[in-house]
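# Remarks on the overall topology
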Amino acid sequence: MIRDYRPYYIKKTWKTIFDLYVRYKLAPQFTSFGDNHFFIKPWNIEVFGGPIHIGDHISLLGCSDRKTRLTVWAKKKDVKGLVIGDHVLISPGVRIGVSNHIRIADSCMLASNVYITDSDWHDMYNRAIQPEEESQVILEENVWIGDSAIICKGVTIGRNSVIGAGSVVTGDIPPNVIAAGNPAKVVKKLDMDRPMLTRKDYFSDIKAIDDMFTKLEKQTLKDNTTLGWLRSLFFPKREHPADNK
């Protein structure tokens, strides 16, 4: 279906259901939970263990065929766990597995199917138990991880750096570079003389953004009717993009 046939009040009601699910079902599973989050299909987001902390203005997206999983499986009770800063984007299918500590700083972006872990989860020779070794993963501010990349234990990725899609990161990546491959290596340096706009910059005035999207949705959906929406659900018709111009 190309066009959204919902009247604005239906879309607003659906968003309210999302918000209630997040508030009463999802939020209590976090150790700390910031403000002004944006969730897509939150019932496809799985949170297990702790501690798990998330900051403000997080975009956390789920999808029925690519569930997003934030998990802490710790042998000790005093681990730092998972700490996610402000303005972070986590796309569908992202899996983060924590044994000790993973920190994702402000404005980081994780594309679909990214996997981050701070442990091998099994010893090379004793595969029945979790290894005693403790490690961590640090993504510094404004890091961008490409689709299906894997970030392994003990890695620090420097500020502003980009990890190419499908890469496997087994060692530290310096700041302000692009790295790709298996194992990932630096392929290009970023031009730091050029201005860089981060998610933190973009979402600095969240009220203005909310007002803009509300105005846009009302304008886009203003001619939709309840009857037309129901008809689209039960008797959809083939559409041509030109019909929506």
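The paragraphs below set out a description of the structure included in this document.

Cut-off values and rules
- In this numbering scheme, every chain counts its residues from 1 along its sequence in written order.
- Given that this is a predicted model, residues contribute local features only at a pLDDT of at least 70 and side-chain atom pairs are listed and counted only at 80 or more, while totals for whole chains, interfaces and linings are drawn from all residues.
- Excluded from the side-chain calculations are hydrogens and water; all other atoms, namely the structure's heavy atoms, are used.
- Going along the chain from the N terminus, every DSSP run of H or I of four or more residues is numbered as a helix, and every run of E of two or more is numbered as a strand.
- Burial status follows relative accessibility: with a 1.4 Å probe on protein chains alone, a residue under 20% of its type maximum counts as buried, one over 50% as exposed, and anything between as partly exposed.
- What makes two residues a contact is simply this: any of their non-hydrogen atoms within 4.5 Å.
- Surface accessibility follows the Shrake-Rupley procedure with a 1.4 Å probe radius. Residue values consider only the protein chains on display as shielding.
- For the purpose of charge, His is not counted, nor are the chain termini; Lys and Arg are scored as positive and Asp and Glu as negative.
- By convention, the point assigned to a charge is CZ for Arg, NZ for Lys, CD for Glu and CG for Asp.
- Centre distance within 6.5 Å is the pairing criterion for rings of Phe, Tyr and Trp, where only the six-membered ring of Trp is used; planes under 30 degrees apart are then read as stacked, over 60 as edge-to-face, and the remainder as tilted.
- To estimate how far a helix should extend, the number of its residues minus one is multiplied by 1.5 Å.
- Should DSSP find at least two bridges between two strands, the strands are taken to pair.
- We define the nonpolar core as a collection of buried residues of types Ala, Val, Leu, Ile, Met, Phe, Trp, Tyr and Cys that are connected through side-chain atoms lying within 4.5 Å of one another.
- Points on a 1 Å grid over protein atoms alone make up a cavity when a 1.4 Å probe fits among them but cannot get out, and a pocket when they form an open set with protein on both sides within 12 Å along at least five of seven lines; lining residues each have an atom within 4 Å of a point.
- Grid points are joined across faces, edges and corners, and a volume is the space filled by probe spheres set on the points.
- For the purposes of these results, a polar contact is taken to be a pair of N or O atoms within 3.5 Å, where, inside protein, one atom must be able to donate a hydrogen and its partner to accept one; residues adjacent in sequence count only when each atom of the pair is a side-chain atom.

### Remarks on the overall build of the chain
Helix and strand content of the chain: four helices and 20 strands. Summarising its shape, the C-alpha atoms of the chain cover approximately 65 × 45 × 35 Å along the three principal directions. Looking at the chain as a whole, 41% of its 245 residues are labelled buried. Of all intrachain contacts in the chain linking residues separated by at least 6 positions in sequence, the fraction that spans at least 24 positions is 39%. For the chain, the accessible area works out to roughly 14,500 Å², and carbon and sulfur atoms hold 55% of it. Looking at the chain, you have 34 positive and 29 negative side-chain charges, and the mean spots of the two groups are 7 Å apart.

### Here we look at the packing of aromatic side chains
Under the defined criterion, the tally for this structure stands at eight aromatic pairs. Between the aromatic rings of Phe 18 and Trp 43, the centroid separation amounts to 4.9 Å while the plane-to-plane angle is 85°, which identifies the pairing as edge-to-face. Separated by 25 residues along the polypeptide, Phe 18 in helix H1 (residues 8-26) and Trp 43 in the loop between strand S2 (38-40) and strand S3 (45-48) bring together distant segments of the chain. For Phe 18, a relative accessible area of 11% puts it in the buried group. Its relative accessible area of 33% is what places Trp 43 among the partly exposed residues. By way of ring pairs, the aromatic residues Trp 14, Phe 18, Tyr 21 and Trp 43 are connected into one cluster.

### Some points on H1
With 19 residues, H1 ought to run about 27 Å at 1.5 Å a step, and its terminal C-alpha atoms sit 26 Å apart, in line with that. On its buried side, H1 packs onto strand S1 (32-33), S2, S3 and helix H4 (226-234).

### Examining the sheet that holds strand S10 (residues 101-104)
In space, the six strands of this open sheet follow the order S1-S4-S7-S10-S13-S16, with parallel pairing throughout. With one partner strand each, in any of the chains shown, S1 and strand S16 (156-157) form the two edges of the open sheet. As defined by bridge partners, strand S13 (residues 136-139) adjoins S16 across two bridges and the pair is classed as parallel. Paired with Ile 138 across the bridge in S16 is Thr 156.

### What about the nonpolar core?
Judged by nonpolar contacts, the single largest core of 39 residues is most densely connected at Leu 82, Ile 96, Ile 104, Ile 116, Leu 139 and Ile 145. Ignoring sequence-local partners within four residues, the contact set of Ile 96 consists of Arg 69, Leu 70, Thr 71, Leu 82, Ile 102, Ile 104, Leu 110 and Ile 116.

### Considerations on the layout of surface pockets
The probe, sized like a water molecule, is rolled over the atoms to show the empty space still left. Of the volumes computed, that of the largest pocket is approximately 1,100 Å³. Taken together, 30 residues form the lining of the largest pocket, with Lys 15, Asp 19, His 37, Phe 38 and Asp 210 sitting closest to its centre. Of all the elements in the fold, those that place two or more residues in the lining of the largest pocket are H1, S2, strand S5 (59-61), helix H2 (199-202) and helix H3 (206-221). A total of nine residues in the lining of the largest pocket trace back to one element, the largest contributor, which is H1.

### With respect to the sheet that holds strand S19 (residues 177-181)
Here we have eight strands laid out as an open sheet, ordered S2-S5-S8-S11-S14-S17-S19-S20, and mixed in their pairing. At either end of the open sheet lies a strand with only one pairing partner, and these are S2 and strand S20 (184-189). Inspection of the sheet shows S19 paired to S20 by five bridges, in the antiparallel sense. For Ile 178, the partnering residue across the bridge sits in S20 and is Lys 188.

### As for the pairing of strand S7 (residues 81-84)
In this structure, strand S4 (residues 52-54) lies alongside S7, joined through three bridges in parallel fashion. By the bridge assignment, Ile 52 is partnered in S7 with Leu 82. With four bridges connecting them, S7 and S10 associate as parallel partners. Each residue of the ladder has a partner; that of Ile 84, found in S10, is Ile 104.

### Digging into the environment of Ser 119
Along the chain, the position of Ser 119 falls in the loop between strand S12 (115-117) and S13. Counting along the chain gives 35 residues from Ser 119 to Gly 154, while the straight-line C-alpha distance between them is 8.3 Å. Of note is the side chain of Ser 119, whose polar atom sits 2.8 Å from the backbone nitrogen of Trp 121.

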